[in-house]
Amino acid sequence: MIGKLRVVNSLSREKEVFEPLNAPHVGMYVCGPTVYSDVHLGNVRTFMSFDVIYRYLQFLGYKVRYVRNITDVGHLLDDTGEDKISRKAKLENLEPMEIVQKYTNDFHRVMETFNILPPDIEPTATGHLMEQLDMIQELVDNGFAYESNGSVYFDISKFNEKYDYGKLSGRKTEDLLNQTRELDGGSDKRSPLDFALWKKAAPEHIMRWNTKWSDGFPGWHLECSVMSTKYLGEEFDIHGGGMDLKFPHHECEIAQNAGSTGKEGAKYWMHTNMLTVNGTKMSKSLGNSFLPHELISGDHELLEHGYSPMTIRFFMLQSHYASTLDFSNEALDAAQKGYMKLANGLRLIKNYEYPEGLAEEINTKQAEQINKICDNCYHAMNDDFNTALTIGHLFNLVKKVNSIQTGQLKFEEIGKETFERMKSTFIAFCEEILGLKLETNLSSQNLLEVILEEYKVAKEAKNYDKVDELRAKLKAEGVIVKDMKTGIDWAFEE
Ligand code: AMP
Ligand code: ZN
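All residue numbers refer to position in the chain's written sequence, counted from 1. As they are written, the chains are lettered A onward and the ligands numbered 1 onward, keeping that order. Owing to the predicted nature of the model, reporting of local features is limited to residues with pLDDT of at least 70; listing and counting of side-chain atom pairs is limited to 80 or more, with chain, interface and lining totals taken over all residues. The basis for every side-chain value is the complete set of heavy atoms in the structure, and neither hydrogens nor water enter the calculation.

(A) Molecular detail of the coordination of the zinc ion (ligand 2). Shown as donors are all N, O and S atoms within 2.8 Å of a metal ion, widened to 3.2 Å for Na, K and Ca; because water is not in the atom set, sites may appear incomplete. For the zinc ion (ligand 2), the protein coordination sphere consists of Cys31 (SG), Cys224 (SG) and His249 (NE2), at 2.0 to 2.1 Å. Every donor residue of the zinc ion (ligand 2) comes from the same chain, spaced as C-x192-C-x24-H. With Cys224 in helix H7 (residues 220-232) and His249 in helix H8 (residues 246-261), this residue pair connects regions lying 25 residues apart in the sequence. Three labels apply to residues, based on accessible area from a 1.4 Å probe with only protein chains included: buried if under 20% of the type maximum, exposed if over 50%, partly exposed otherwise in between. With a relative accessible area of 1%, His249 lands in the buried category. The secondary structure listing takes helices from DSSP runs of H or I that are at least 4 residues long and strands from runs of E that are at least 2 residues long, numbered from the N terminus.

(B) Region of the structure containing the sheet that holds strand S8 (residues 209-210). At least two bridges found by DSSP between two strands is the condition for calling them paired. Taken in spatial order, the five strands make up an open sheet running S5-S6-S7-S9-S8, and their pairing is antiparallel. Taken across any chain shown, the strands that pair with only one partner, and hence form the sheet edges, are strand S5 (145-148) and S8. Relative to strand S9 (residues 215-218), S8 runs antiparallel, the two being bridged by two bridges. If you follow Trp209 over to S9, its bridge partner there is Gly216. Only heavy atoms enter the contact rule, under which two residues are in contact if any of them lie within 4.5 Å. Axis definition: a line fitted to C-alpha atoms, over the contacting stretch in the case of helices. Angles run 0 to 180 degrees between N-to-C directions. Along the sheet, helix H4 (residues 129-141) makes contact with S5, strand S6 (151-154), strand S7 (196-200), S8 and S9, crossing S7 at roughly 110 degrees.

(C) Representation of the pairing of strand S16 (residues 487-492). Bridge count between strand S15 (residues 479-484) and S16: six bridges; the pairing is antiparallel. Looking at the pairing, Val479 lines up with Phe492 of S16. If you look at the hairpin formed by S15 and S16, you'll find two residues sitting between the two strands.

(D) Quick look at the site of ligand 1. Lining the immediate surroundings of ligand 1 are 16 residues, of which Gly42, Thr46, Asp244, Leu275 and Met282 lie closest. Any N or O atom pair separated by 3.5 Å or less is treated as a polar contact, with the protein-specific requirement of one donor-capable and one acceptor-capable atom, and with residues adjacent in sequence counted only for side-chain atom pairs. Between ligand 1 and Asp244 there is a distance of 2.4 Å, counted from an oxygen atom to a side-chain nitrogen or oxygen. Computed with the Shrake-Rupley method and a 1.4 Å probe, the accessible areas treat only the protein chains shown as cover for residues. A total of 490 Å² of accessible area belongs to ligand 1 in isolation, and the protein chains cover 91% of it. Going through the elements one at a time, helix H1 (41-59) and strand S10 (235-242) are the ones with two or more residues in the shell around ligand 1. By convention in this text, a residue qualifies as near a molecule or strand provided that one of its non-hydrogen atoms is within 4 Å of it.

(E) Quick look at the nonpolar core. Nonpolar cores are built from buried Ala, Val, Leu, Ile, Met, Phe, Trp, Tyr and Cys residues. Side-chain atoms within 4.5 Å join them into one set. Membership of the largest hydrophobic core comes to 93 residues, with the highest contact counts inside it found for Met28, Leu41, Leu57, Phe327, Phe385 and Phe426. Two domains each donate at least three residues to this core, and these are domain 1 (19-272) and domain 2 (277-433). Listed in part, the 36 residues of the second largest apolar core include Tyr165, Trp198, Cys224 and Val226. Segmentation into domains, and thus their bounds, comes from an automatic or database assignment.

(F) The domain arrangement of the protein, seen in detail. For the protein, the assigned domains read domain 1 (19-272), domain 2 (277-433) and domain 3 (444-492). Each of domain 2 and domain 3 was reduced to a C-alpha centroid, and the two centroids are 38 Å apart.

(G) Broad picture of the state of the cysteines. When two cysteine sulfur atoms are found within 2.5 Å, that pair is recorded as a disulfide. Tallying each qualifying case throughout the model produces zero disulfides. Counting only cysteine sulfurs, Cys377 is the nearest neighbor of Cys430, a cysteine outside any disulfide, at a range of 8.5 Å. By relative accessible area, Cys430 is classed as buried at 1%.

(H) Looking closely at helix H13 (residues 387-406). The length a helix should cover is 1.5 Å for every residue beyond the first. When the terminal C-alpha atoms of H13 are compared, their 29 Å separation across 20 residues agrees well with the 28 Å that a helix rising 1.5 Å per residue should span. Taken residue by residue, H13 has Thr387, Thr390, Ile391, His393, Leu394, Phe395, Leu397, Val398, Lys400, Val401, Ser403 and Ile404 as its buried positions. Residues of H13 that are buried make contact with H1, helix H10 (309-317), helix H11 (329-351), helix H12 (364-382), helix H14 (411-414) and helix H15 (416-433). The opening residue of H13 is Asn386, an N-cap whose side-chain oxygen sits 3.2 Å from the backbone nitrogen of Ala388. Immediately downstream of H13, the backbone of Gly407 shows phi near 85 degrees, a positive value.

(I) Quick look at the sheet that holds S10. Spatial strand order, S4-S3-S10-S11: four strands in an open sheet with parallel pairing. Edge positions in the open sheet fall to strand S4 (63-68) and strand S11 (265-272), since each of these has one partner strand only. Across this sheet, the average inter-strand angle for adjacent strands is 25 degrees, counted without regard to direction. Both S10 and S11 contribute to a ladder of seven bridges, which runs parallel. Bridged to Gly241 within S11 is His271. Sitting on the sheet, H7 is in contact with strand S3 (25-30), S4 and S10, with an inclination near 165 degrees to S3. Set on the sheet, H8 makes contact with S10 and S11; between it and S11 the angle comes to about 175 degrees.

Following this line, the structure appears as structure tokens:
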């Protein structure tokens, strides 16, 4: 391993040396999607950022248990207070679980399209209701929660007697209270900051479970405390999500964890920044979201053409996860050129083998340069997973690969050891760590037609050796050439 991994911890707001609680094991929890609509590219950016973090930790030799949940109940709409899944189910006249299944399937498809690895555990909120009820009881028993008219709320002022609500997002309770509207007379809460652990369901609410408190449903923040504790323990290493989750979602999670177990959950909190469109956060509710399939097909009024999944992945990784990333045709076009350049370098180096028995005539300056670039790839990723810098260093390696291709740089000048290091570093950082795989946009139908044209020319020239060779090659691919009276045709071999 080269150097130490440092991560920016949202809790301390500092770059800290990464020291897992129980190395080589690492526990990582990332808040997953609320499955009531198609995932948009903003969501993709967040999950892709954690995918790279997951990949790099594994590359460094850590044994990572990655938990990413599916929110399938309890995430309420801000304007109406209705459950997001419930509302969609009513609109589409489906069972809530049909909505959940439909959008979970869509989510998985999108993750696979962008080569985002599946987590090790993908628990759902509805699959962990018993555990959620247990945590509510613990919070009530510990004096941090109270029941009111069949709902149970977390008591922020009780919590503040012992802990500090708002430490993650740097908010003060008095300021929060000043910014919040007074409770209306009908509220069950003691204070406007108190948040729901269990909500009594209104008659029209369709997702409900009968418990000793009421026929109701769990609050959104609870599931993540419950599932992270269950699968990673009361204390674990990394907890992540988009910046918009810092407050209140993650703040509430810390409060629930501390209130029930006495421990605050994660050691390192990591937050990704937003994908924006003309400077505004991409969001379903703002109506400025792009869906993955629209970007891939180019079927959107603001797009001139489509982009391949790996171009989009490259585009996203060209900025550091903690910076905002603005979405535009120009930026995507530039990313397409960049990705092609990297892909060509990758394709070339994968095919290069150091010639056997070649006497070395090492050019020290060149060898040192190459080794330095390889070191820099590690330094960049060790610096809070800086994919932007890493890509810059990979481009420097592409230059060396291109020099080999043009013959300006000779294998013997690099030497076997440095060549092998360059090759393995390039491939590992592109494919294993950044998850950029080679993709071809070639159409097999078009290629087949090119070959059949060549076959026709060979036949007309009575070049039977060539004819036989092309026939054999196509047969090896399962294609039989047919010489018809009407011309040349083909069929799949039966
Ligand atoms: P949601 O399904 O809305 O809960 O979002 C799933 C994840 O995507 C959360 O971690 C959000 O913080 C994140 N997210 C939502 N919008 C964006 C955006 N525009 N850019 C980056 N991440 C986002
Ligand atoms: Zn969460």
